[in-house]
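Observations on chain architecture
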Protein chains: 2
Amino acid sequence: MADSQDLPVEERDDLEGLYGATDTMVRGIRAALAEGNLEAVADLVKPLHAADLADLFEQLNSEERNALVASVGADIDPEFFSYLDETVREEVIDDLDTEQLATVVQELDTDDAVDLIEDLDKEDQAELLQAIPAEDRALFEDTLRYPEESAARLMNREVATVPSYWSVGQTIDYMRSDADLPTTFYDIYVVGPSYRPIGAVPVSRLLRTDRPVPISEIMDTDLKLIPAAMDQENVAFLFRQYGLASAPVVDDPGRLVGVITVDDVVTVIEEEHEEDMLSLGGLREDDFYEAVIYTTRARFSWLLVNLATAILASMVIGLFDASIEKVVALAVLMPIVASMGGNAGTQTLTVAVRALALKELTPANAMRIVGKEILVGGINGIVFAILMGLIAWFWFDNWLIGLVLACAMIINLLMAGFAGTIVPLTLDRLKIDPAIASAVVLTTVTDVIGFLSFLGLATLVLL
Amino acid sequence: MADSQDLPVEERDDLEGLYGATDTMVRGIRAALAEGNLEAVADLVKPLHAADLADLFEQLNSEERNALVASVGADIDPEFFSYLDETVREEVIDDLDTEQLATVVQELDTDDAVDLIEDLDKEDQAELLQAIPAEDRALFEDTLRYPEESAARLMNREVATVPSYWSVGQTIDYMRSDADLPTTFYDIYVVGPSYRPIGAVPVSRLLRTDRPVPISEIMDTDLKLIPAAMDQENVAFLFRQYGLASAPVVDDPGRLVGVITVDDVVTVIEEEHEEDMLSLGGLREDDFYEAVIYTTRARFSWLLVNLATAILASMVIGLFDASIEKVVALAVLMPIVASMGGNAGTQTLTVAVRALALKELTPANAMRIVGKEILVGGINGIVFAILMGLIAWFWFDNWLIGLVLACAMIINLLMAGFAGTIVPLTLDRLKIDPAIASAVVLTTVTDVIGFLSFLGLATLVLL
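Definitions and cut-offs
- Residues numbered from 1 in each chain as written.
- Chains lettered and ligands numbered in written order.
- Predicted model: local features only at pLDDT ≥ 70, side-chain atom pairs only at ≥ 80, totals over all residues.
- Helix = DSSP H or I, 4+ residues; strand = E, 2+ residues; numbered from the N terminus.
- Rg over C-alpha atoms; globule rule 2.2 N^0.38 Å.
- Buried ≥ 20, exposed ≤ 12 C-beta atoms within 10 Å, placed from the backbone.
- Contact = placed C-beta atoms within 7 Å.
- Axes fitted to C-alpha atoms, helices over the stretch in contact; angles between N-to-C directions.
- Parallel < 35°, antiparallel > 145°, perpendicular 65-115°, else oblique.
- Left-handed = near helix turned anticlockwise from the far one by under 90°.
- Nonpolar A, V, L, I, M, F, W, Y, C, P; charged D, E, K, R; others polar.
- Domains from an automatic or database assignment.
- Least-squares fit on C-alpha atoms with pLDDT ≥ 70 in both.
- Pairing = 2+ DSSP bridges.
- Core = buried A, V, L, I, M, F, W, Y, C linked by C-beta atoms within 7 Å.
- Expected span 1.5 Å × (residues − 1).
- pLDDT = per-residue confidence, 0-100.

Looking now at the overall build of chain A. Along the backbone of chain A there are 23 helices and six strands. For a compact globule of 463 residues, the expected C-alpha radius of gyration is about 23 Å, and chain A comes in at 30 Å, more than 25% above that figure. By the burial criterion, 51% of the 463 residues in chain A qualify as buried. Of all intrachain contacts in chain A linking residues separated by at least 6 positions in sequence, the fraction that spans at least 24 positions is 68%.

Structural data, given as C-alpha cells:
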C-alpha cells in the first residue's frame with residue numbers, strides 16, 4: 001500500500017504534528033525504557049491516540065513491550081486493543097487475566113469486542129463470556145453464532161431507532177433522554193411493526209428540519225438492507241457502490257439487529273487489499289510479526305507448487321537436450337523468451353483480474369477483451385521480435401538464430417495475451433478465486449510455450 | 001480486488017435485489033436497444049441508482065451507449081458522471097455541449113465537480129469555467145490551483161461552521177434556517193477568529209445535548225487539521241489511523257477552506273489499491289477501457305526494462321556455454337534454481353513492501369527482519385535443496401549434479417531472503433517507491449545469482 005513511506009521527504013513532512021508514532025518517539029520510549037525511567041515513559045505515552053500507541057507498541061521487542069504495559073497499566077484506553085495487529089494482540093492478551101479482559105471487552109463497541117473475542121481459543125472464550133454480565137453476553141453469543149467475515153461480525157448492536165409516527169421534535173427529545181445509543185451515529189433508522197427497518201434519516205437532515213415535521217416525511221425509503229449472514233466483501237461492495245455512511249443489518253425474518261458504519265468497511269477494504277497483495281506475492285497471510293518457523297512453513301506450500309511447475313518447464317527443455325548440445329546459444333537465449341512471455345502475460349492478467357473483481361469484465365464483453373489482448377500481445381510481440389532478433393543475430397553471428405528467436409517471441413506474446421485473459425475468466429467460471437490461482441497457471445503456460453516454441457522451431461530450422 | 005465475482009455462487013446471491021447492474025439487466029437493456037424500443041429502455045433504467053447506471057453503461061459498446069444517452073437524455077442524474085470510469089467519461093463528455101456540462105458541474109459536490117473538470121484539456125476547461133456563474137467559478141479555480149492528488153481536490157467547499165460562543169440551541173436554529181450547507185454532514189466545525197477551526201462536534205452529539213449548553217463545552221479540540229496541499233495518500237493514512245468520519249482542511253494561514261469526508265477517502269484507498277496492484281503487475285494505469293494502440297504503447301516500456309534484465313541473465317549463462325555444451329543437464333535444470341529464488345524472493349518482498357507502507361518496517365527493526373528473512377530463506381532452501389537434489393540425482397543418474405543443484409538452491413534462497421528485504425529498504429531510503437521498482441531489481445538479482453551459483457559451482461565441481 002502506498003502511503004507516506006513512499007513519498008519524497010518533503011511530502012512526508014506533511015504528517016509532522018499529525019501522526020504520533022514517529023521514529024523519534026520510538027527512540028525516545030526505547031531510551032526511557034532502557035533507563036528504567038517509567039515515569040518518563042508514561043509522560044511520553046499519555047498524550048498519544050490509542051492507534052498511535054498500538055503502532056509504537058508493535059515496534060518494540062517483547063521485553064520492551066512488557067515494560068511498557070507495566071508502566072502504562074490500568075490507564076490504557078480499551079481501543080488500544082482493537083488497533084493492535086492480531087499476532088501482537090494475542091501475545092498481549094495472553095498476559096491479561098480474565099477479569100481485565102472482560103473489562104476491556106465491555107468498554108469496546110460490539111464489533112471491536114467480537115473481533116477480539118473470536119480470536120481466543122474455545123476455552124478462553126467460554127471463560128471470558130462467563131465473566132461478562134448476562135445481557136452483554138447474550139449479544140456477544142448471538143453475534144458469534146454468525147460466520148466469521150459475515151456482516152453480523154461488523155455490526156454495532158446499538159442502533160438509534162424511532163417509530164415512523166413520531167415527529168422530528170419527538171425524535172430529538174428521545175435522543176436527548178435515552179442513554180442506550182451508540183457514541184456517534186450518522187443515520188437514525190425508522191422501524192415499522194416487529195422492528196423491521198422502513199426508512200433512514202441522516203442525522204444532519206433531522207437537525208435541519210423543523211420540530212413538527214413527521215419523521216416519515218423526511219426519511220429515505222430505498223434502504224440497502226444487509227442480511228446478517230452476508231459476506232463482508234459484499235458489504236464492502238455495497239458501501240463503495242452506493243457511497244453509504246451506514247447501513248442497517250437485518251436477521252432472517254427481516255428485523256433490525258444492528259448497524260454497520262463506513263469506518264468498519266474501511267477496515268474490510270484494507271483486509272481485501274491485503275489478501276489481494278499477498279496472494280499475488282504467493283502468500284496466504286501477512287506473517288510480518290510471526291515467528292521464523294511459522295513463516296517458513298506458511299511459505300513452503302506455495303514454493304512447492306512453484307517447484308512442480310518449474311520441473312514441468314525443465315522437462316520441456318529436456319525434450320530438446322540434443323539440440324542444445326549442438327547449439328549452446330539456445331540455452332543462453334531460451335530464458336529470454338520465457339521471461340518476456342511471463343511479463344507480458346502478467347500485465348494482461350493484472351488488468352483482467354481487476355476488471356473481473358470490479359464487474360467490468362463480464363460474459364457480455366469477454367470475447368472482445370480477449371481479442372484486444374491478443375492484438376496487444378501480437379503488436380508488442382512483433383516489436384520485441386525485431387529488436388531481440390537483431391540482438392541475437394549479432395550476438396551469435398547467426399541470422400537464423402535471430403529469426404527463430406523472433407518467431408518464438410511473437411508466438412509467446414500472443415499466447416500471453418490469450419492466456420492472460422482466458423485463465424482468469426475460466427477460473428472465475430469454475431468458482432476458483434482468479435486472484436489467487438491465475439498467476440501460477442499463467443507462468444506455467446508462458447514458460448512451457450516459450451521453451452517449446454523456441455527450442456522446437458530451432459530444432460526444425462537449425463539442425 | 002476480491003468481491004462477489006470471487007465468491008461461490010450461493011454467496012453471490014447475497015446481492016440479489018441489492019445491486020442493480022446485473023447481467024440480466026445488461027441483457028434486457030441490450031435487447032430493448034436492439035429493438036429500438038427506447039421507452040422500454042427508459043423504464044428499465046429509471047429506477048436505477050446513478051452508480052448502477054454507470055456500471056451498466058460501461059458494459060455497452062459505443063453504439064449502444066449513444067442510444068442509451070439519447071433515450072435517457074436530460075433526466076440523467078448528474079452523479080452518474082462522477083461514478084463513470086474516467087476513460088468512458090471522457091467519451092461521454094465529448095458529446096455534451098458546454099452548457100450541458102456546466103449544468104452537471106454545478107449540481108455536483110465541489111470535489112466531484114473538480115474531479116470532472118481537471119480531466120478536461122486546458123481549452124475546454126477555460127470554456128466550461130466561463131459558462132459557470134462567477135461565485136462558483138472562483139471556488140473551482142481556487143481548488144484547481146492546488147496540485148492533483150492533494151487534499152484540496154478531495155474537499156467539499158461547503159462546511160457547517162459555527163462560532164464558539166454559540167449554544168446548542170443557536171446552532172440548531174442556524175442549521176434549520178441556513179440553506180448554504182452540504183446535503184449531508186457528520187461534524188460541525190467550531191471556528192475562532194479569522195475562521196480558524198478550533199473544535200468539532202459530531203452531529204449526533206449536538207442532537208443529544210440540551211439547547212442551553214454552549215458549543216464550546218461539547219466540542220472535541222484535538223482536531224487533525226489537514227493542510228490543503230497534503231498528498232491524498234497521507235489524508236487516507238490519517239483517516240484510517242484515527243477512524244475519522246470527516247476532517248477540516250486549512251489553507252496556509254490556517255483558515256478553514258473545506259471538509260473531507262470518509263466516502264472521498266474510500267475512493268482514495270481504492271485508487272491506492274489500484275496503483276499497488278498495477279505496479280506489481282508491471283503497469284502504470286488501468287487500461288481496461290483504452291484502445292489497443294494506447295494499451296500497447298503503455299505496456300511497452302515495462303517490457304523493455306524486462307528485456308534488459310533478461311539479457312543480463314542470459315549473458316551470465318553465456319559465460320558458462322562451454323560447461324553447458326559438455327553437460328546439457330545444466331541447461332535443463334538451471335531455470336529451476338532461478339525460478340525458486342524468484343518466487344521465494346517475491347514472497348519476502350511482498351511482506352516487506354506492505355510492512356514499509358504500513359510503517360511496520362522501520363529503521364528500528366529493519367536488521368531484525370532482514371535476519372529473520374535470511375533464516376526463513378535458509379531453512380526453506382535446505383528443505384528444497386534436499387528434495388530437488390534427490391530428484392536431479394535420479395533424473396540424470398548423477399549424484400554430483402544433485403549436490404551442485406542443492407548447494408545453488410540454498411545460496412539462491414538465502415539471497416532471496418536477503419534481497420527481498422534489502423532491496424525495498426534501500427529503495428525506500430533513496431526515496432524511490434519500493435512498490436514499483438522492487439520486483440524488477442529482485443528478480444534480476446535472483447536470476448543472476450541463480451544462474452551464476454548453479455553454473456559456476458557445476459563448472460568447478462563437474463568439469
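A word on the packing of helix α2 (residues 23–34) of chain A against helix α3 (residues 38–45) of chain A. Residue and element names in this part refer to chain A. α3 packs onto α2 with a crossing angle of 160° between their chain directions and a minimal axis gap of 8 Å. By the angle between their axes, α2 is roughly antiparallel relative to α3. Between α2 and α3 lies a crossing of left-handed hand. Of the residues in α3, those touching α2 at Met25, Gly28, Ile29, Ala32 and Leu33 are Ala40, Val41 and Leu44. Here the residues of the contact of α2 with α3 are counted per class, giving seven nonpolar, one polar and no charged.

With 120 residues of chain A in contact, the opposing surface of chain B contributes 120 residues. Broken down by element, the residue count for the side of chain A that touches chain B peaks at 18 residues, all from helix α20 (residues 329–357) of chain A. Along the lines of polarity and charge, the residues of the side of chain A that touches chain B split into 65 nonpolar, 25 polar and 30 charged.

This brings us to the domain arrangement of chain A. Residues and elements named next belong to chain A. Here chain A is partitioned into domain 1 (22–149), domain 2 (161–280) and domain 3 (292–462). Taken over C-alpha atoms, the centre of domain 1 sits 29 Å from the centre of domain 2. At the junction of the two partners, domain 1 supplies four residues and domain 2 supplies five residues. Here the residues of the side of domain 1 that touches domain 2 are counted per class, giving two nonpolar, no polar and two charged.

Moving on, we get to the relation of the copies chain A and chain B. Superposition of the two copies of the chain requires a rotation about an axis together with a shift along that axis. When chain A is fitted to chain B, the residual RMSD is 0.1 Å, and the transformation amounts to a turn of 180° plus an axial shift of 0.0 Å. Such a combination of rotation and displacement between the chain copies is what one expects of a two-fold axis. Closest to the rotation axis within chain A is the C-alpha of Glu325 of chain A, separated from it by 2.5 Å. In this assembly the copies share their binding face: 99% of the residues contributing to the interface of chain A also contribute to that of chain B.

On to unusual backbone geometry, then. Residue and element names in this part refer to chain B. Positive phi outside glycine occurs at Glu149, with the angle close to 65°. In this fold, Glu149 is placed in the loop between α11 (134–144) and α12 (151–154). Accessibility expressed as a C-beta count within 10 Å gives 15 for Glu149, which makes it partly exposed. Located in the positive-phi region is Ser194, a residue other than glycine, with phi close to 50°. The exposure class assigned to Ser194 is exposed, which follows from the 9 C-beta atoms found within 10 Å.

Once that is clear, we can look at the sheet that holds strand β1 (residues 161–163) of chain B. The strands making up a sheet associate through backbone hydrogen bonding, with each pair oriented either parallel or antiparallel. Residue and element names in this part refer to chain B. Read across the open sheet, the three strands follow the order β1-β2-β3; overall the sheet is mixed. One side of each edge strand has no neighbouring strand; the edge strands of this open sheet are β1 and β3 (197–202). Taking each pair of neighbouring strands and ignoring which way they run, the sheet shows an average axis angle of 30°. The pairing of strand β2 (residues 187–191) with β3 spans five bridges and is classified as antiparallel. For Ile188, the partnering residue across the bridge sits in β3 and is Val201.

Attention now goes to the packing of helix α18 (residues 292–318) of chain B against helix α23 (residues 434–462) of chain B. Residues and elements named next belong to chain B. Two elements in contact, α18 and α23, have axes separated by 9 Å at closest approach and are oriented at 10°. Taken together, α18 and α23 sit at an angle that is classed as roughly parallel. Between α18 and α23 the crossing geometry is right-handed. Here Val305, Asn306, Thr309, Leu312, Ala313, Val316 and Ile317 of α18 come into contact with α23, specifically with Val440, Thr443, Thr444, Asp447, Val448, Phe451, Leu452 and Leu455. Residue classes in the contact of α18 with α23 are distributed as ten nonpolar, four polar and one charged.

Residues and elements named next belong to chain A. Read across the sheet, three strands follow the order β1-β2-β3 without closing on themselves; strand pairing throughout is mixed. Sheet topology places β1 (161–163) and β3 (197–202) at the edges, where each strand pairs with a single neighbour. Each neighbouring strand pair of the sheet contributes to a mean axis angle of 30°, computed without reference to strand direction.

Glancing now at the nonpolar core. Core analysis: the biggest nonpolar cluster contains 134 residues, and Leu405 and Met409 of chain A together with Leu405 and Met409 of chain B have the highest contact counts within it. Counting 87 residues, the second-largest nonpolar core is a separate cluster that includes Ile269 of chain A together with Val159, Ala247 and Leu256 of chain B.

Mapped onto the fold, Val376 of chain A is located in helix α21 (residues 366–396). By C-beta crowding, Val376 of chain A is classed as buried, having 30 other C-beta atoms within 10 Å.

Time to look at the pairing of strand β6 (residues 256–261) of chain B. Residues and elements named next belong to chain B. The buried fraction of β6 amounts to six of the six residues, a majority that puts the element mostly inside the structure. Of the strand pairs in this sheet, strand β5 (residues 246–250) and β6 are connected by five bridges, and their pairing is antiparallel. Its bridge partner being in β6, Pro248 is matched across the sheet by Val259.

Let us now look at α20 of chain A. Residue and element names in this part refer to chain A. For α20, with 29 residues, the first-to-last C-alpha span of 43 Å sits near the 42 Å given by 1.5 Å per residue. Summarising burial for α20: 29 of the 29 residues are buried, a large majority. Lys359 occupies a position one or two residues after α20 and carries a positive phi of about 60°.

Turning our eyes to something else, we now look at the pairing of β3 of chain A. The side chains of a regular strand alternate between the sheet's two faces. Among the six residues of β3 of chain A, five are classified as buried, and the element is accordingly described as predominantly covered. From the end of strand β2 (residues 187–191) of chain A to the start of β3 of chain A, which pair antiparallel, there are five residues, and Ser194 of chain A there has a positive phi angle of about 50°.

Residue and element names in this part refer to chain A. By secondary structure assignment, the location of Leu48 is in the loop between α3 and α4 (50–59). Residue class for Leu48 comes out partly exposed when judged on the 19 C-beta atoms lying within 10 Å of it. Measuring from C-alpha to C-alpha, the distance between Leu48 and Ala21 comes to 8.2 Å, with 27 residues separating the pair along the chain. Contact partners of Leu48, with chain neighbours within four places excluded, come to Gly20 and Leu53.

Another point: the confidence of the model for chain A. Residue and element names in this part refer to chain A. On average, residues of chain A carry a pLDDT of 88, and 96% of them reach 70 or more. This stretch, residues 1–12, has a pLDDT under 50; its non-local contacts, to residues over four places away or in other chains, come to 36 contacts. This complex was scored by the predictor with a pTM of 0.79 and an ipTM of 0.79.

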